Amino acid sequence: QQGADLAERRRTHKAFGPEPVPREQLVELLDVARLAPTHHLTQPWRFRVLGPEALERLKECGGPSEAVKLERAPTLVVVSAALTGDLVQDEEDVCAAAAAVMLVLLAATERGLATYWRTPAVLRSARGREALGITRGERVLGLLHFGAPAREPAAREREPVEQYVDFLD
């Protein structure tokens, strides 16, 4: 039940306090990713913590409207999955990387941090990927925002379990 309570507390935040997450705490959070299920222990996830120069490069690539959104949180981390070119392995590795992201988000929630997982268009552009050294052999899963919560977001109603579960004979 503890895991369900933690998942229920996790929310998408869009307003953060100004202080960045300390490096030691960020490493502790990202270390939780290694516990994600991964076929053949490939651990395909890659995390890039954006420093000031990397953030400026990304903002320049995204333009003014994207730059504003990139300034929401004091700590930003780009997540990708390293791909092999094998379609089955790549699908499994993208799913494993997504599971790793969720574990990181839950660990952050447990520590009282606000989080936001988004997929900005700038990270799907060749220019944005190049600005951060993301190779063609990687699939970007998104940008994680971390920081102290500036305010608590409203809970949004989710579909009941009966809407997405079928028991098959």
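All figures in this text were calculated on a predicted structure; none of them were measured in a lab.

## With respect to the pattern of salt bridges
For step 1, the next point in the chain: This model, assessed by the stated rule, comprises eight salt bridges.
For step 2, the next point in the chain: Close ionic contact of R48 with E138 constitutes a salt bridge, the shortest N to O distance being 2.9 Å. Here E138 lies in strand β4 (residues 138-147) and R48 lies in strand β1 (residues 45-49), a separation of 90 residues in the sequence.
For step 3, the next point in the chain: For E138, a relative accessible area of 9% translates into the label buried.
For step 4, the next point in the chain: Put simply, R118 and E66 hold a salt bridge, and the shortest N to O gap is 3.0 Å. Here the residue R118 occupies a position in strand β3 (residues 114-118), and E66 occupies one in helix α3 (residues 52-70), the gap between them amounting to 52 residues.

## A short note on the pairing of strand β2 (residues 75-82)
For step 1, the next point in the chain: Burial analysis of β2 places seven of its eight residues in the buried class, the great majority of the element.
For step 2, the next point in the chain: Of the strand pairs in this sheet, β2 and β4 are connected by eight bridges, and their pairing is antiparallel. In the strand pairing of β4, L76 is matched with H145.

## Comments concerning unusual backbone geometry
For step 1, the next point in the chain: Despite not being glycine, H40 shows a phi value in the positive range, around 60 degrees.
For step 2, the next point in the chain: The residue H40 is located in the loop between α2 (23-31) and β1 in this model.
For step 3, the next point in the chain: Since its relative accessible area comes to 63%, H40 is described here as exposed.
For step 4, the next point in the chain: Although it is not a glycine, Q43 sits at a positive phi angle of roughly 40 degrees.
For step 5, the next point in the chain: Judged by relative accessible area, which is 33%, Q43 ranks as partly exposed.

## Concerning the pairing of β4
Here is the key point about a regular strand: its side chains alternate between the two faces of the sheet.
For step 1, the next point in the chain: For β4, the buried fraction is high: nine of the 10 residues fall into the buried class.
For step 2, the next point in the chain: Strand direction decides the pairing type here: β3 and β4, joined by five bridges, are antiparallel. In the strand pairing of β4, T115 is matched with F146.

## Examining the environment of A67
For step 1, the next point in the chain: Positionally, A67 belongs in helix α3.
For step 2, the next point in the chain: Since its relative accessible area comes to 13%, A67 is described here as buried.
For step 3, the next point in the chain: Separated by 12 residues in the primary sequence, A67 and L55 place their C-alpha atoms 9.0 Å from one another.

## Focus: the sheet that holds β3
For step 1, the next point in the chain: Spatial strand order, β1-β2-β4-β3: four strands in an open sheet with antiparallel pairing. Since the sheet does not close on itself, it has two edges, and those belong to β1 and β3, each with one partner. With strand direction ignored, the average angle separating the axes of adjacent strands in the sheet is 25 degrees.
For step 2, the next point in the chain: Relative to the sheet, α2 contacts β1, β2 and β4, its axis offset from that of β1 by approximately 165 degrees.

## Here we look at the nonpolar core
For step 1, the next point in the chain: Judged by nonpolar contacts, the single largest core of 24 residues is most densely connected at L26, L29, W45, V104, L144 and F146.
For step 2, the next point in the chain: Here the element with the most residues in this core is helix α4 (residues 87-110); it accounts for nine residues.
For step 3, the next point in the chain: Those residues in contact with L26 that lie beyond four places of it in its chain are V21, V49, T75, V77 and F146.
For step 4, the next point in the chain: Listed in part, the 19 residues of the second largest apolar core include F16, V122, I134 and V140.

## Some details on the environment of T84
For step 1, the next point in the chain: Checked against the element boundaries, T84 lands in the loop between β2 and α4.
For step 2, the next point in the chain: Classification of T84 as exposed rests on a relative accessible area of 53%.
For step 3, the next point in the chain: For the pair formed by T84 and E19, sequence separation is 65 residues and the distance between their alpha carbons is 37 Å.
For step 4, the next point in the chain: Setting aside residues no more than four positions away along its own chain, T84 makes contact with Q89, D90 and D93.
For step 5, the next point in the chain: From its side chain, T84 meets the backbone nitrogen of D86 in a polar contact 3.1 Å long.

Definitions and cut-offs
Residues numbered from 1 in each chain as written. Predicted model: local features only at pLDDT ≥ 70, side-chain atom pairs only at ≥ 80, totals over all residues. Heavy atoms only, no water. Salt bridge = Lys/Arg side-chain N within 4 Å of Asp/Glu carboxyl O. Helix = DSSP H or I, 4+ residues; strand = E, 2+ residues; numbered from the N terminus. Buried < 20%, exposed > 50% of the residue type's maximum accessible area, 1.4 Å probe, protein only. Pairing = 2+ DSSP bridges. Axes fitted to C-alpha atoms, helices over the stretch in contact; angles between N-to-C directions. Contact = heavy atoms within 4.5 Å. Core = buried A, V, L, I, M, F, W, Y, C linked by side-chain atoms within 4.5 Å. Polar contact = N/O pair within 3.5 Å; in protein donor to acceptor, adjacent residues only side chain to side chain.

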